[in-house]
Amino acid sequence: GEVIMGIAIAQDITEQKRAEQELRRAEELYRTLAENFPGGVGLYDRNLRCLLLQGAVLSEVGLIREEAEGKTLEEIFGLELTNIAIPSLQAALTGSMGSFEIPFVNRIFKNYAVPVRDGQGEISMVMSIALDVTEQKQVEQERQKAEELYRTLAENIPGGVVLYN
């Protein structure tokens, strides 16, 4: 019953360690990008359940990443906004990019729905990239109002309006 010999097996795991290090580096770069993105980035599974929600705007609109992740789109944003988003998100799940605008917390967000493929090339998720376009929309509305005012004035001035350069 005495141990008279031992066997040791060694395996070179250098490549595995390098791959793990590269994966950690890629994840850190992604997380830095997503956390500092001026809008919001959401990643949703095929059932439109939130897998990840990041972005600088989240705290400004009262969204908490930890509370949103794991919930459905409807649980996060409500039925009305979900109904606006669903056609573009479902189109992305079939391979087409889509876009939509939603009003949220006194702002307007332009969203881009992008298909995300897995290692086999199959679409497994959809990414929604949201940008705050409130200011641009306000400028556009002001421009339209000014054009309408100009048209009204031009139509109601006796003798017409002549513009000179």
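Placed above this text is the structure.
Everything quoted here is computed from the prediction, not taken from an experiment.

Caption draft 1: How the structure looks around the overall build of the protein chain. When helices and strands are tallied, the protein chain shows four helices and five strands. In sequence order, the secondary structure elements of the protein chain are arranged as α-β-β-α-α-β-β-β-α. For the protein chain, the C-alpha radius of gyration of 26 Å lies well beyond 15 Å, the compact-globule estimate for 165 residues. Of all 165 residues assigned to the protein chain, the portion counted as buried reaches 27%. Residue pairs at least 24 apart in sequence account for 34% of intrachain contacts in the protein chain once pairs closer than 6 positions are excluded. On the protein chain, roughly 12,000 Å² of surface is accessible, and the fraction owed to carbon and sulfur atoms is 54%.

Caption draft 2: Geometry of unusual backbone geometry. With a phi close to 50 degrees, Val-105 is a non-glycine residue in the positive phi region. Relative to the assigned elements, Val-105 resides in the loop between strand S3 (98-104) and strand S4 (107-117). The backbone of Asn-106 shows a phi angle near 60 degrees, a positive value even though the residue is not glycine. Position of Asn-106 among the secondary structure elements: in the loop between S3 and S4.

Caption draft 3: Inspection of the environment of Thr-94 at higher detail. With respect to the helices, strands and loops of the structure, Thr-94 is situated in the loop between helix H3 (73-93) and S3. Under the relative-accessibility criterion, Thr-94 is labelled exposed at 65%. As for Thr-94 and Phe-37, which are separated by 57 residues in sequence, their C-alpha atoms are 26 Å apart.

Caption draft 4: Seen up close, the sheet that holds strand S5 (residues 123-132). In spatial order, the strands read S2-S1-S5-S4-S3; together these five strands make up an open sheet with antiparallel pairing. One side of each edge strand has no neighbouring strand; the edge strands of this open sheet are strand S2 (50-54) and S3. Geometrically, the sheet is characterised by an average inter-axis angle of 20 degrees between neighbouring strands, direction not taken into account. Two elements, strand S1 (residues 40-45) and S2, share four bridges in a ladder whose sense is antiparallel. Counterpart to Gly-42 in the pairing with S2 is Leu-53. Relative to S2, helix H1 (residues 14-36) is tilted by about 65 degrees, and along the sheet it contacts S1 and S2.

Caption draft 5: Region of interest: the pairing of S4. With seven bridges connecting them, S3 and S4 associate as antiparallel partners. Bridge pairing in S4 places Phe-100 opposite Asn-111. Counted between consecutive antiparallel strands, the loop separating S3 from S4 contains two residues, among which Val-105 sits at a positive phi close to 50 degrees. Looking at chain direction, S4 and S5 are connected through nine bridges and run antiparallel. Of the residues in S5, the one forming a bridge with Val-116 is Met-125.

Caption draft 6: Representation of the packing of aromatic side chains in the model. Evaluation of the coordinates by the stated rule reveals one aromatic pair. Seen from their ring centres, Phe-77 and Phe-104 are 5.4 Å apart, and the 75 degrees between their planes marks the pair as edge-to-face. Pair noted here: Phe-77 is in helix H3 and Phe-104 is in strand S3, with a separation of 27 residues, a long-range link.

Caption draft 7: Region of the structure containing the pattern of salt bridges. For the coordinates displayed, the defined rule picks out eleven salt bridges. Between Glu-20 and Lys-17 there is a salt bridge, with the nearest N and O atoms lying 3.7 Å from each other. Remark: Lys-17 and Glu-20 occur in helix H1; sequence separation between them is three residues, near one turn of the helix. We classify Lys-17 as partly exposed; its relative accessible area is 46%. Its salt-bridge partner being Arg-65, residue Glu-69 comes within 3.6 Å of it at the nearest N-O pair. One connected set of salt bridges, linked through shared partners, spans Glu-140, Arg-143, Glu-147 and Arg-151.

Basis of the calculations
- Residues numbered from 1 in each chain as written.
- Predicted model: local features only at pLDDT ≥ 70, side-chain atom pairs only at ≥ 80, totals over all residues.
- Heavy atoms only, no water.
- Helix = DSSP H or I, 4+ residues; strand = E, 2+ residues; numbered from the N terminus.
- Rg over C-alpha atoms; globule rule 2.2 N^0.38 Å.
- Buried < 20%, exposed > 50% of the residue type's maximum accessible area, 1.4 Å probe, protein only.
- Contact = heavy atoms within 4.5 Å.
- Areas by Shrake-Rupley, 256 points an atom, 1.4 Å probe, with all protein chains shown as cover.
- Pairing = 2+ DSSP bridges.
- Axes fitted to C-alpha atoms, helices over the stretch in contact; angles between N-to-C directions.
- Phe/Tyr/Trp six-rings, centres within 6.5 Å; stacked < 30°, edge-to-face > 60°.
- Salt bridge = Lys/Arg side-chain N within 4 Å of Asp/Glu carboxyl O.

Function cannot be inferred from these measures alone, as they are strictly geometric.
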